[in-house]
Amino acid sequence: MTERTQDEKYLKKRKAHSFALKALIWLCGILTVGILVYILLFILVRGIPNINMKFLFGQYDSETLSAFSSIIATIEIIVISLAAALPIGVFCAIYLTEYARRGNKAVKVIRLAVDTLAGIPSIVYGLFGMIFFVGILGFRTSVLSGICTVSIMILPVIISSSEEAIKAVPDMYREGSLGLGATRLRTVFKIVLPTAMPGILSGVILAIGRIVGESAALIFTSGTNVLKAPTLDLTASQRTLAIHMYMLAGEGLPHHRDMAFATGAILIIIVFAVNMAATKLASKIGREQ
Amino acid sequence: MVRSKITNTEHKINLYENVMQIVFFISALVSVMAVIAICLFLLLRGIPAIAEIGFMNFVFNEKWGPANVPASYGILSMIVGSMYVTAGAIVIGVPIGLLCAVFLAEFCPDNLYRIVKPAVNLLAGIPSIIYGFFGMEIVVPFVRESFGGNGFSILSASIILGIMILPTVISISESSIRAVPSSYAEGSLGLGATKEETVFRVVVPAAKSGVLTSIILGIGRAVGETMAVVMVAGNSVMPLNKIALLKPIRTLTTNIVTEMSYASGLHEASLIGTGVVLFVFIIILNTALSLLKSKSSRN
């Protein structure tokens, strides 16, 4: 009799313990989403009312604090660094998946290099860009130096997503193409790459997100300069949107602070759109297979 | 005649194949060359400065005063600072992240998963600058009002970094928890354990190498983070015996970013030297990571 009540007591204790754990787990799930919602709302609610046409497209002065030149510089950096890094990254992925033999030593070294690049902090990229592109190659503090630095930084993102996408293409497709007499190269370009395209694109989107939010790698390469009106001149030093926000936040004046919120809202809207697009693509790949 | 034409086009195709194969290989080598260039130029500029200051005088000296006469370039306080904020980030981020990963892998209903998972991804995509600004506007005043001090502190930096490493910890832990064979859990449940007991005594321990990987990646992110930390940490160089949770702190990364814009000569080189020390930390973490990877793949 006493044994049974003791057992029941023990069981009750265990149940209570489990319930507490379950509550804690749910709490952490809710907390994570809560933090995200808090950050998003905090920036958007204070930022969106401050976005106006003069801020987006006007000339920069102490009144408008226009982000126009930063927006154009950000777009320049995105487009050109992707144009440089995308072919290199995709070709690297093709080499790793389609051409390299298993256990090849070069592959090991390349993989190690890609992993290393992925782990290097932005500020170290910034230092390297400042030493190499700004200094040694003589590009000075310019959008061009920023582009070169960022191109290296996004390589690992593009390589790993392309590699995964290419690996996911069923061997059957390749065999079919080779069996019909197509060469290996033709098979890669006509069969493998088109099939892997959604995965490669999601890598591109992730890279865009990374560039938009980047600041530490660009502050010493493309610089903190702001122009009255934007220029497409790559040798000019221009700040990007993220650095625009950093500079405004650092001023400590109420008007600057409002405009920092506005810049933050623009950044969040872009990042949100980029993430939605990547998720959509990913779910599309999932459905096809 | 016809035959020679065919062999001709075959030759052309072969040539094209071979050329492209070389192009692919060279593209693959770009990453290797980039890593070599980064190491080389960082060391080339950083090592002479460290040598001139003296290694011990640089790494194990807590006095940082480039404007002093004579100038002193000790970064010990920043090394310790980086360790403190990283440890703080781990203390805050890992428990929440791990429990959230358990939530996603084991407890989250499907329709909720469709909201929570993208939310975690979005958290990973938010720029450092936004985290920093959020920290400056919300976390710093919160710390100031609840715990005293001026708010710019190790604690504020740890909270912000703790949030920033959440997505890394969550997504890698989640996938390693999902990779645990369901027979493990079934065995435990069959013996009468509750679901929660099963998760914490059987499933999570089986996923421990993945969880460890996520923690190391989180450490890497926290050590290297710059812009978010610079906005909330206060950036004063503290003597070692004055470092405290509610006092300002300067880390390796923020030392570079706060002074680089006006530094020159040995001062600038010593900041690059700071970058070299940071880089060494990252290399150590990367090595730990690849050791862990090869160990778990052998098992």
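Before any of the text, the structure's been laid out above.
Read on for a plain summary of the structure. On a predicted model such as this, the values are computed, not experimentally measured, just so you know. (Residues numbered from 1 in each chain as written. Chains lettered and ligands numbered in written order. Predicted model: local features only at pLDDT ≥ 70, side-chain atom pairs only at ≥ 80, totals over all residues.)

**Some points on the overall build of chain B**
Basically, it comes down to this: Only DSSP runs of H or I reaching four residues or more are called helices, and only runs of E reaching two or more are called strands; each is numbered from the N terminus. What the globule rule says is 2.2 Å times the number of residues to the power 0.38, and the radius of gyration is computed from C-alpha atoms. Counting other C-beta atoms within 10 Å of its own, a residue is labelled buried from 20 upward, exposed at 12 or fewer, and partly exposed in the gap between, with every C-beta atom placed from the backbone. Contact between two residues is assigned when their C-beta atoms, built from the backbone, lie within 7 Å.
Looking only at helices and strands, chain B has 12 helices and 2 strands in total. Scaling as 2.2 N^0.38, a compact globule of 299 residues should have a C-alpha radius of gyration of about 19 Å, whereas chain B reaches 25 Å, well beyond that. Expressed along its principal axes, the backbone C-alpha trace of chain B runs to roughly 85 × 65 × 35 Å. Counting across all 299 residues of chain B, residues that qualify as buried make up 47%. Across chain B, the fraction of contacts at a sequence separation of at least 24, relative to all contacts at a separation of at least 6, is 73%.

**Concerning helix α6 (residues 154-178) of chain B**
Along an α-helix, a turn takes 3.6 residues, which lines up residues three or four apart on a common side. Residues and elements named next belong to chain B. Cut-off, in case you're wondering: The length a helix should cover is 1.5 Å for every residue beyond the first. A residue's bend is simply the angle between two axes: one fitted to the seven residues ending at it, one to the seven starting at it.
In this model, α6 (25 residues) spans 35 Å end to end at C-alpha, consistent with the 36 Å of a helix rising 1.5 Å per residue. Of all the bends in α6, the largest measures some 35° and sits at Ile165, one to four residues before the proline Pro167. Among the 25 residues that make up α6, 23 are buried, leaving the element largely enclosed by the rest of the structure.

**Some points on the nonpolar core**
The condition that has to hold: Definition of nonpolar core: a set of buried Ala, Val, Leu, Ile, Met, Phe, Trp, Tyr and Cys residues joined via C-beta atoms within 7 Å.
By size, the foremost hydrophobic cluster in this structure holds 178 residues, and its most contacted members are Met245(A), Val85(B), Val102(B), Ile130(B), Ile160(B) and Val232(B). Excluding residues that lie within four positions of it along the chain, Val85(B) makes contacts with Ile154(B), Ala157(B), Ser158(B), Leu161(B), Ala222(B), Val229(B), Ala233(B), Ile249(B) and Thr251(B).

**Comments concerning the packing of helix α4 (residues 105-119) of chain A against helix α6 (residues 143-167) of chain A**
All names here are of chain A. The condition that has to hold: Lines fitted to C-alpha atoms define the axes, with helix axes restricted to the stretch in contact, and inter-axis angles between N-to-C directions lie between 0 and 180 degrees. By definition in this entry, angles of less than 35 degrees are roughly parallel, angles greater than 145 are roughly antiparallel, angles of 65 to 115 are roughly perpendicular, and the rest are oblique. With the far helix as reference, a near helix turned anticlockwise by less than a right angle produces a left-handed crossing, and one turned clockwise produces a right-handed crossing. Asp, Glu, Lys and Arg are counted as charged, while Ala, Val, Leu, Ile, Met, Phe, Trp, Tyr, Cys and Pro are counted as nonpolar; the rest, among them Gly, fall into the polar class.
At their nearest, the axes of α4 and α6 sit 8 Å apart, and the two run at 130° to each other. When the axes of α4 and α6 are compared, the pair comes out oblique. In the packing of α4 onto α6, the handedness of the crossing is left-handed. Contact residues: α4 offers Val114, Leu117 and Ala118, while α6 offers Leu155, Pro156, Ile159 and Ser160. Classifying every residue of the contact of α4 with α6 gives 6 nonpolar, 1 polar and no charged.

**Describing the interface of chain A and chain B**
Counting residues at the interface gives 67 residues for chain A and 66 residues for chain B. Sorting the residues of the side of chain A that touches chain B by element identifies α1 (2-47), α3 (68-99), α4, α5 (122-136), α6, α8 (184-213), α9 (241-251) and α10 (254-288) of chain A as the ones contributing at least two each. Classifying every residue of the side of chain A that touches chain B gives 49 nonpolar, 13 polar and 5 charged.

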